[in-house]
Amino acid sequence: MNINNLRAFYKTVYYKSISSSAKELYLSQPAISQQIKALEKDLKTTLLKRSNRGVIPTPAGELVYHYAERILNLYDNMIQDLQCCENDRINRLTISCCPTIGQYALPCALHEFKKKNKNITLHVEHNFSNEVIHHIKEGGTDIGFIEGCYSDENINCIPLGEFKMHFVASGNWELKNLPKNKLFYYNFFIIHKNCASRKIIEETLLEYGIDINKLKIEMESPSIESIKSSIAAGHGLSILPYISIKKELYTKTLTIVEVDNIEFNYTYSLIYDKKIHKKIKSDFIDFFKNSGKTFFC
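Residues numbered from 1 in each chain as written. Predicted model: local features only at pLDDT ≥ 70, side-chain atom pairs only at ≥ 80, totals over all residues. Heavy atoms only, no water.

Let us now look at helix 9 (residues 224-232). Because an α-helix completes one turn every 3.6 residues, residues spaced three or four positions apart along the sequence face the same direction. Burial in helix 9 covers these residues: Ile-224, Ile-227, Lys-228, Ser-230 and Ile-231. The buried residues of helix 9 occupy an angular sector of 160° when projected down its axis, which confines them to one face. Where helix 9 ends, the next residue or the one after it, Gly-234, has phi of about 85°, a positive value. (Buried < 20%, exposed > 50% of the residue type's maximum accessible area, 1.4 Å probe, protein only. Helix = DSSP H or I, 4+ residues; strand = E, 2+ residues; numbered from the N terminus. Arc of directions from axis to C-beta.)

Written as structure tokens, this is what we have:
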């Protein structure tokens, strides 16, 4: 099976369009069609059919599409590692992390790891925790950082400890203590439902008899920076991870508001595919097991 034929098919299904696939791969539409036909011949099955929505996969095509994502991720990683090897840079590490840890905690730890391992290349992406898990399972990423923990027969999970979230308001907010029944009077700027920490918030509030859907939610956003800007401007309250607001607490741009001793506790974890062995990956895991968390920003 030709890897380029598989890529042409994958991109065509991804975009539901031969023309879009051709544009990304810098090929003509007839060339893309020819590659897909060659793949169908190799696999002895029909993979695509045309519809008024463009091209769509057959049931066999759906199956091949999902395998293709994994195969292409592994192939591309292999090629990049080979290129690093040829340039005497064998140590390339791909990291996918949830936004909170990726933006506010991990940079300092990565800097410390780089100081001790100078001859490496780090590639870091920010994704929601469920996407991080997907990337690890598909083999496209070496190391993942997620909220909570996930493990199965192929994935190892190393908890990095317990962290906290707090009710937060602008620095000049006068009411530093609130009874929980007063929460319903204020606008809230809340982390989006796609973020794993949102589930922690909802479950914790429910334990204290507060239905999040009954709060005056002004905005939901995956961007903590956007939420912090709204809160700092005095538009309402939020619930944010402590590691994301340390600087603003120091500068008194934001302040923590205590609400009937409600505490939001959660964990971060490092995950990786235990079947894929790579020395730099093992070194990175050992670094975090021994001292990585102490270098969080």
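That covers the picture; the talk isn't over yet.
In this section: helix 11 (residues 279-290). When the terminal C-alpha atoms of helix 11 are compared, their 16 Å separation across 12 residues agrees well with the 16 Å that a helix rising 1.5 Å per residue should span. Listed as buried for helix 11 are Ile-280, Lys-281, Phe-284, Ile-285, Phe-287 and Phe-288. Projection of helix 11 onto a plane perpendicular to its axis shows the buried side chains occupying an angular sector of 155°, all on one side. For helix 11, the exposed residues set more than 90 degrees away from the buried face come down to Lys-279, Lys-289 and Asn-290. Tucked inside the fold, the buried residues of helix 11 contact strand 3 (91-97), helix 6 (106-116), strand 4 (120-126), strand 5 (143-147), strand 6 (155-170) and strand 12 (264-273). (Expected span 1.5 Å × (residues − 1). Contact = heavy atoms within 4.5 Å.)

Okay, the packing of helix 1 (residues 3-15) against helix 2 (residues 18-25) next. Relative to each other, helix 1 and helix 2 sit at 125°, their axes nearing to 8 Å. As the angle between them shows, helix 1 and helix 2 are arranged oblique. Like other packed secondary-structure pairs, helix 1 and helix 2 cross with a definite hand, here right-handed. Counted together, Arg-7, Ala-8, Lys-11, Thr-12 and Tyr-15 of helix 1 and Ile-18, Ser-20, Ser-21, Glu-24 and Leu-25 of helix 2 form the full contact between these two elements. When its residues are assigned to classes, the contact of helix 1 with helix 2 shows 4 nonpolar, 3 polar and 3 charged. (Axes fitted to C-alpha atoms, helices over the stretch in contact; angles between N-to-C directions. Parallel < 35°, antiparallel > 145°, perpendicular 65-115°, else oblique. Left-handed = near helix turned anticlockwise from the far one by under 90°. Nonpolar A, V, L, I, M, F, W, Y, C, P; charged D, E, K, R; others polar.)

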